[in-house]
Amino acid sequence: MSEQLIFLDGRFVKKEDAVISVYDHGFLYGDGVFEGIRSYSGNVFRLDEHLSRLYDSAKSIMLTIPYTKEEMTNIVVETLRQNDLRDGYIRLVVSRGAGNLGLDPRNCAKASVVVIAEPLSIYPKELYETGLEIVTVATRRNRSDVLSPMVKSLNYLNNILVKIEANLAGAPEALMLNDQGYVAEGSADNIFIVKDNKLYTPPGHVGALVGITRNAIIDLARVKGYEVSESVFTRHDVYTADEVFLTGTAAEVIAVSKVDGRVIGDGNPGPITKELLVDFRELTVTDGVKVFDQTLHVS
Ligand code: PMP
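- With an unreviewed UniProt entry as reference, the protein chain is termed Branched-chain-amino-acid aminotransferase, source organism Lederbergia graminis.
- The UniProt entry for the protein chain carries the following comment under Cofactor (unreviewed entry): "pyridoxal 5'-phosphate".
- Quoted verbatim from the Sequence similarities (unreviewed entry) heading of the UniProt record, the comment on the protein chain is "Belongs to the class-IV pyridoxal-phosphate-dependent aminotransferase family."

Below is the structure:
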């Protein structure tokens, strides 16, 4: 990539010029929403779904995004074009904007919109062949009746605490339980378990973001004839599952080989996990918005 250009409030600017006010409430209070999106060979995977989640998150916190969904589609596409990037990760952030030191959002005149696109690789390729060894951490998921997990907000401290615990344990990702001790999700991924050819993943209200990758996997698994259930389960169910895998925009579909020292299945990525990863990768290049074969304008 030559010179990286970032979309910032209506303009494309160089990385070093992509700065926002210290009075921005995204910075002061984590007041804002965001999305992590992927482009595969010039196809922005399920962009509509990502934007629906973004606009729903914004509505929930009464944040007005100063662009229509159509304009936002064009902005995302144009950011990839400006950077001549076909395969990359896109971070879309909408913060409440600059206000004063009080937390009242009425003092923030206009939301700030930032779109960053850059190459991405989260886990080394080998980990997709061996699977991840993860641990359960003490940090619990925010209660879903306090802060809805449907809101993908800039308040990620909960997840950061999980990541810190994972780091301390030397694990690449960790499992978070909800306040009642049921399995919720990872720090930035959803979890699936497979038992007797049936898939299970926690429903959103248990304390999981309803991930776009999660939804795609549910669709793909059903097309293949597998039964998928969104249900509440415990660590015991995870330990005794035939297969466990995580899903997320950055991680895609990645097997888990060990949880809290318990070997999952025979310790290798299972057949359903592998099958769904192949299906998912096929879907990523077809299902979405094409970057380079349409004329779009950013206003
Ligand atoms: N849970 C959390 C907390 C996340 O941050 C993410 C990443 N966005 C996910 C799950 C996976 O969601 P998606 O498949 O939409 O990336």
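## Things to note about the site of the ligand
Line of reasoning, step 1. Near the ligand there are 14 residues, and of these Leu-209, Gly-211, Ile-212, Thr-213 and Thr-249 occur at the shortest range.
Line of reasoning, step 2. Contributions of two or more residues to the shell around the ligand are made by helix H7 (212-223) and strand E13 (243-248).
Line of reasoning, step 3. In terms of residues, the shell around the ligand owes the most to one element, H7, which gives 3 residues.
Line of reasoning, step 4. Counted by class, the shell around the ligand contains 3 nonpolar, 8 polar and 3 charged residues.

## Let's talk about the sheet that holds strand E16 (residues 288-290)
Line of reasoning, step 1. Here we have 7 strands laid out as an open sheet, ordered E2-E1-E6-E5-E3-E4-E16, and antiparallel in their pairing. Where the open sheet ends on each side, the last strands, each with one partner, are strand E2 (11-14) and E16. Between one strand and the next, the sheet's axes are offset by a mean angle of 25°, whatever the strand orientation.
Line of reasoning, step 2. In terms of strand pairing, strand E1 (residues 5-8) meets E2 through 4 bridges, oriented antiparallel.

## Side note on the nonpolar core
Line of reasoning, step 1. Judged by nonpolar contacts, the single largest core of 42 residues is most densely connected at Ala-174, Phe-192, Ile-193, Ile-217, Val-244, Phe-245 and Val-256.
Line of reasoning, step 2. For this core, the leading source of residues is H7, giving 6 residues.
Line of reasoning, step 3. Here Ile-193 is in contact with Tyr-200, Phe-233, Asp-237, Val-238, Ala-241 and Val-244, once residues within four sequence places are set aside.
Line of reasoning, step 4. Within the second largest apolar cluster, 27 residues are counted, among which are Leu-47, Val-94, Ala-111 and Leu-154.

Reading guide: rules and limits
- All residue numbers refer to position in the chain's written sequence, counted from 1.
- Thresholds applied to this predicted model are a pLDDT of at least 70 for local features of residues and 80 or more for the giving and counting of side-chain atom pairs; totals over whole chains, interfaces and linings are not thresholded and use all residues.
- UniProt positions are given in the numbering used here, feature names are shortened, and annotations may be inferred rather than shown by experiment.
- Each residue gets a C-beta atom placed from its backbone. If that atom is within 6 Å of a molecule or strand, the residue is near it.
- Strands are runs of DSSP state E lasting at least two residues, helices are runs of H or I lasting at least four, and both sets are numbered from the N terminus onward.
- Basically, the charged four are Asp, Glu, Lys and Arg, the nonpolar ten are Ala, Val, Leu, Ile, Met, Phe, Trp, Tyr, Cys and Pro, and anything else, Gly included, counts as polar.
- DSSP bridges decide pairing: two strands pair if at least two such bridges lie between them.
- Orientation is described by axes fitted as lines to C-alpha atoms, over the contacting stretch for helices, and by angles from 0 to 180 degrees between their N-to-C directions.
- In plain words, the nonpolar core is the set of buried Ala, Val, Leu, Ile, Met, Phe, Trp, Tyr and Cys residues that C-beta atoms within 7 Å link up.
- Working definition of burial: number of other C-beta atoms within 10 Å of the residue's own, with buried at 20 or more, exposed at 12 or fewer, and partly exposed in between, all C-beta atoms being placed from the backbone.
- For every residue pair, C-beta atoms are placed from the backbone, and the pair is scored as a contact if these atoms sit within 7 Å.

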